[in-house]
Amino acid sequence: MAKEFHRADRVADAMRRELARLIQHEVRDPRVGMVNVNDVEVSRDLATAKVFVTLVGEDDRSKIDICMTALNKAAGFLRTQLAKEIQMRSIPRLHFRYDETSVRGQHLSALIDKAVQSDQHKSEEDTDHDSESDNKPGEQND
């Protein structure tokens, strides 16, 4: 059975692709660096859209806030540009949000790697300790 695609989903996908291009090529604000558009959620009535973005190589929270402010100020310009590219009666109002899921994912991945490395190191120590106690002088192993 095929999955149903609602109009809001199709609009969100088209907006995500076009916004990624527009932010890269049309936004001239120096506060906006390398931006990835991760997702767009359009309301059912197509009146508003939440645009989830991440900043490439940026961890400083103050710089992220400055970039998000700049993007939200450029929302009207971007909406106008979207209207030229996407054939719709009205384009949803844009609200930019910083998407922390990739940052959280990287942090969790680092924690998992650290735990696995710690377990491997501990098991190696246990193996070395067991092999030393098994081979005491004067004892025979069967």
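Residues numbered from 1 in each chain as written. Predicted model: local features only at pLDDT ≥ 70, side-chain atom pairs only at ≥ 80, totals over all residues. Heavy atoms only, no water.

Comments concerning the overall build of the chain
And step 1. When you go through the chain residue by residue, the secondary structure sums to four helices and three strands.
And step 2. If you list the helices and strands of the chain from N to C, you get α-β-β-α-α-β-α.
And step 3. When the 142 residues of the chain are sorted by exposure, 27% land in the buried category.
And step 4. Put simply, 59% of the contacts in the chain that link residues at least 6 apart link residues at least 24 apart. (Helix = DSSP H or I, 4+ residues; strand = E, 2+ residues; numbered from the N terminus. Buried < 20%, exposed > 50% of the residue type's maximum accessible area, 1.4 Å probe, protein only. Contact = heavy atoms within 4.5 Å.)

Focus on the pattern of salt bridges
And step 1. On inspection of all chains with the given rule, the structure shows seven salt bridges.
And step 2. Put simply, D13 and R17 hold a salt bridge, and the shortest N to O gap is 2.5 Å. In this pair, D13 and R17 are both assigned in helix α1 (residues 7-25), four residues apart and thus about one turn of the helix distant.
And step 3. On the accessibility criterion, D13 (33% relative accessible area) is partly exposed.
And step 4. In the salt-bridge network here, residues are joined through shared partners; they are D13, R16 and R17. (Salt bridge = Lys/Arg side-chain N within 4 Å of Asp/Glu carboxyl O.)

Quick word on the packing of α1 against helix α3 (residues 75-85)
And step 1. Between α1 and α3, the least distance of the axes is 10 Å, while the angle of their chain directions is 120 degrees. Considering the angle they form, α1 stands oblique to α3. Crossing angle aside, the handedness with which α1 passes α3 is right-handed. For the pair α1 and α3, the contacting residues are M15, E18, L19, R21, L22 and I23 in the first and L78, Q81, L82 and E85 in the second.
And step 2. Its residues assigned to classes, the contact of α1 with α3 comprises six nonpolar, one polar and three charged. (Axes fitted to C-alpha atoms, helices over the stretch in contact; angles between N-to-C directions. Parallel < 35°, antiparallel > 145°, perpendicular 65-115°, else oblique. Left-handed = near helix turned anticlockwise from the far one by under 90°. Nonpolar A, V, L, I, M, F, W, Y, C, P; charged D, E, K, R; others polar.)

So, the nonpolar core
And step 1. Ranked by size, the top nonpolar core spans 33 residues in total, and within it L94 and F96 carry the most contacts.
And step 2. Here this core takes seven residues from α1, the largest share from any one element.
And step 3. If near-sequence neighbours (up to four positions away) are discounted, L94 is found in contact with M15, L19, A49, V51, N72, A75, L78, R79 and L82. (Core = buried A, V, L, I, M, F, W, Y, C linked by side-chain atoms within 4.5 Å.)

Brief notes about helix α2 (residues 61-73)
And step 1. If you check α2, its first and last C-alpha atoms are 18 Å apart, about what 13 residues at 1.5 Å a residue would give, namely 18 Å.
And step 2. Where α2 is concerned, the buried positions are I64, C67, M68, A70 and L71. Buried positions in α2, seen along its axis, are confined to an arc of 160 degrees and lie on one side of it.
And step 3. Those residues of α2 hidden inside the fold are in contact with α1, β1 (35-42), β2 (48-55), α3 and β3 (93-98). (Expected span 1.5 Å × (residues − 1). Arc of directions from axis to C-beta.)

Re the confidence of the model for the chain
And step 1. Here the chain averages 85 in pLDDT, and 86% of its residues register 70 or above.
And step 2. Of all the helices and strands in the chain, helix α4 (residues 101-134) carries the lowest mean pLDDT, 77, while β3 carries the highest, 95. (pLDDT = per-residue confidence, 0-100.)

Comments concerning the sheet that holds β2
And step 1. A sheet is described by the order of its strands in space; here three strands give the open sequence β1-β2-β3, paired in mixed fashion. Edge positions in the open sheet fall to β1 and β3, since each of these has one partner strand only. Strand-to-strand twist of the sheet, defined as the mean angle between neighbouring strand axes without regard to direction, takes the value 25 degrees.
And step 2. Here six bridges tie β2 to β3, and the two strands are oriented parallel to one another. Of the residues in β3, the one forming a bridge with A49 is L94.
And step 3. Relative to β1, α1 is tilted by about 155 degrees, and along the sheet it contacts β1, β2 and β3.
And step 4. α2 contacts β1, β2 and β3 of the sheet and is inclined by roughly 175 degrees relative to β3. (Pairing = 2+ DSSP bridges.)

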